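Descriptive analysis of the structure
Next come the chains, spelled out residue by residue.
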Amino acid sequence: MQLPAILLDALQNARGFDKNAFERIHASGEQVTSVRLNPLKPPKGITDHPIHQLTRIPWTAYGFYLEERPSFTFDPLFHAGTYYVQEASSMFLEQALKQTVDLSKPLKVLDLCAAPGGKSTHIQSMISKESLLVSNEVIRSRANVLKDNIIKWGCENVVVTNNDPRDFAKTEGYFDVIVVDAPCSGSGLFRRDPDAIAEWSENNVQLCSQRQQRILADVWPALKKNGMLIYSTCSYSKEEDEDIIQWLLQELPVALCPLSFEPSGGIVASGGGYRFWPDKVMGEGFFIACFQKKEGEEELSFKIRNRPEQLNKKEMEIVEKWIKKEGKVFIKHLNTVYAWPELLENEFSFLLEKLRVVYSGILVGELMRDKLVPEHALAMSNSVADSIENIELTKQESIKYLQRKDLQLHTATKGWQLASYNGHPLGWLNVLTNRVNNYYPKELRILKDI
Ligand code: SAM
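Residues numbered from 1 in each chain as written. Predicted model: local features only at pLDDT ≥ 70, side-chain atom pairs only at ≥ 80, totals over all residues. Heavy atoms only, no water.

This part covers the pairing of strand β12 (residues 273-276). Of the two faces of β12, both are covered, the one formed by G273 and R275 as well as the one formed by Y274 and F276. Two elements, strand β11 (residues 268-270) and β12, share three bridges in a ladder whose sense is antiparallel. When the sheet's bridge partners are listed, S270 is paired in β12 with G273. Two successive antiparallel strands, β11 and β12, enclose a turn made up of two residues, where G271 displays a positive phi of approximately 55 degrees. Where β12 lies against strand β13 (residues 286-293), three bridges are found, and the strand directions are antiparallel. In the strand pairing of β13, F276 is matched with F286. (Buried < 20%, exposed > 50% of the residue type's maximum accessible area, 1.4 Å probe, protein only. Helix = DSSP H or I, 4+ residues; strand = E, 2+ residues; numbered from the N terminus. Pairing = 2+ DSSP bridges.)

Here it is in structure tokens:
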């Protein structure tokens, strides 16, 4: 692995940089694999979980190192959304949130650069049920991946949007917390992805630095007075890290918020932010800094002009056979039904008016005449009605199900049921008299054979 000489030279003065150790760890071929568990889908007596030999990641309550990298593709629990495969250093976001925000309060959080959803699923695990997360991604195709991961996580208090940072000017003073996990030159991931080395250039570092400033300036109005801005990158370059802190302090009314951390853990404080070096921590390169906004709108009051259509009584009778309705409102777009948290109805309606919303709450299904055809998202949520049957599949059957192959199942129960593995739903099945229809979404199916 030939690291760019220009980068190594530029890092000479970076805090905590140890050239020999840094080069050695990149040459070693050593890989760190870590996952973060989903508190919405806790283990249910699992015996063959890949996460059975767990070592805790020190800075998070949900993250664990694995001794080796299993095949996540062929683990049904991965597809059930019981965990997210995520690089360990970036889970330090948990400390940034815990130490600077009162997470017991109802919060409005924006994750501005959110695809594929690592930070968003993490934030969702930390905020209260009454809190709202707007998970945004500017690139449409990546917003779809983000949406799939949010669905898989099984939460209901998230709105996925597909907007440019500039569009958030329409939500002035709205958010208590904004996380900007900025697009960057990506040097922090060289060990995991050596191909990224060829794409790295000094010029790109400059371009990224300018883009990071633009993104921060664009989204700035959306943060409430006293709100928190959390900025992170996976770049080692100071132009994208400490220099951005300096720029923010010069250009905007912010105060840096220091974080505390275990001094022996290898994390390095630098220029107001925190550096993660792969030769010092068990994780990849990462940088994070926190700021509080000192001026601006304290609380925006908003009017909702168009409320979405709600279900009528007859439609509600159809839908409530499928989903636990407590604490939810049901809205309709053409024949598509969504469940929203009752407490967040105004917020969701406001966001629907202001932004390009690609997903919100739980997508329940499609009303067709006097029936509901359930959606995959409903199966992945924790809200399926208790009266709906579950078929527990073996690991082999689960993989066949996830490949969208035909299944031979011996069950007396007919009709729509949840296909589950170790008690965790994977999706829908419809059992007919002489065959079983597999409703796992085509676009999500496993394409490989074991
Ligand atoms: N936060 C994500 C996670 O934890 O899974 C990773 C985000 S990645 C570092 C940065 C994201 O910013 C990418 O998804 C990229 O598409 C998006 N992006 C690229 N250009 C952007 C721009 N001009 N404004 C906002 N986001 C941008």
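This part takes up the site of the ligand. Inspection of the region around the ligand gives 17 residues, with C113, G118, E137, R142 and D181 positioned closest. Here an oxygen atom of the ligand sits 3.5 Å away from a polar atom, N or O, in the main chain of P116. Within the contact set of the ligand, a nitrogen atom lies 2.8 Å away from a side-chain nitrogen or oxygen of D181. Coverage of the ligand by the protein chains reaches 83% of its 600 Å² of free accessible surface. Mapped onto the shell around the ligand, the elements with two or more residues apiece are α5 (118-126) and α8 (202-219). Classifying every residue of the shell around the ligand by side-chain character gives ten nonpolar, two polar and five charged. (Near = heavy atom within 4 Å. Polar contact = N/O pair within 3.5 Å; in protein donor to acceptor, adjacent residues only side chain to side chain. Areas by Shrake-Rupley, 256 points an atom, 1.4 Å probe, with all protein chains shown as cover. Nonpolar A, V, L, I, M, F, W, Y, C, P; charged D, E, K, R; others polar.)

The next subject is the packing of aromatic side chains. With the rule as written, the count across this model stands at 26 aromatic pairs. On the numbers, 5.1 Å between centres and 80 degrees between planes, the contact of F22 with Y236 is edge-to-face. Placement of the pair is F22 in helix α2 (residues 19-27) and Y236 in the loop between β9 (223-233) and α9 (242-251), with a sequence separation of 214 residues. Using a relative accessible area of 0% as the deciding quantity, one classes F22 as buried. Ring centres 6.0 Å apart and planes at 40 degrees place the aromatic pair F72 and F78 in the tilted group. Three or more aromatic residues joined by ring pairs form one cluster here, namely F168, Y174, F175, F302 and F350. Between K152 and the ring centre of F78, over which it is positioned, the NZ or CZ distance is 3.9 Å. (Phe/Tyr/Trp six-rings, centres within 6.5 Å; stacked < 30°, edge-to-face > 60°. Lys NZ or Arg CZ within 6 Å of the ring centre and 35° of its normal.)

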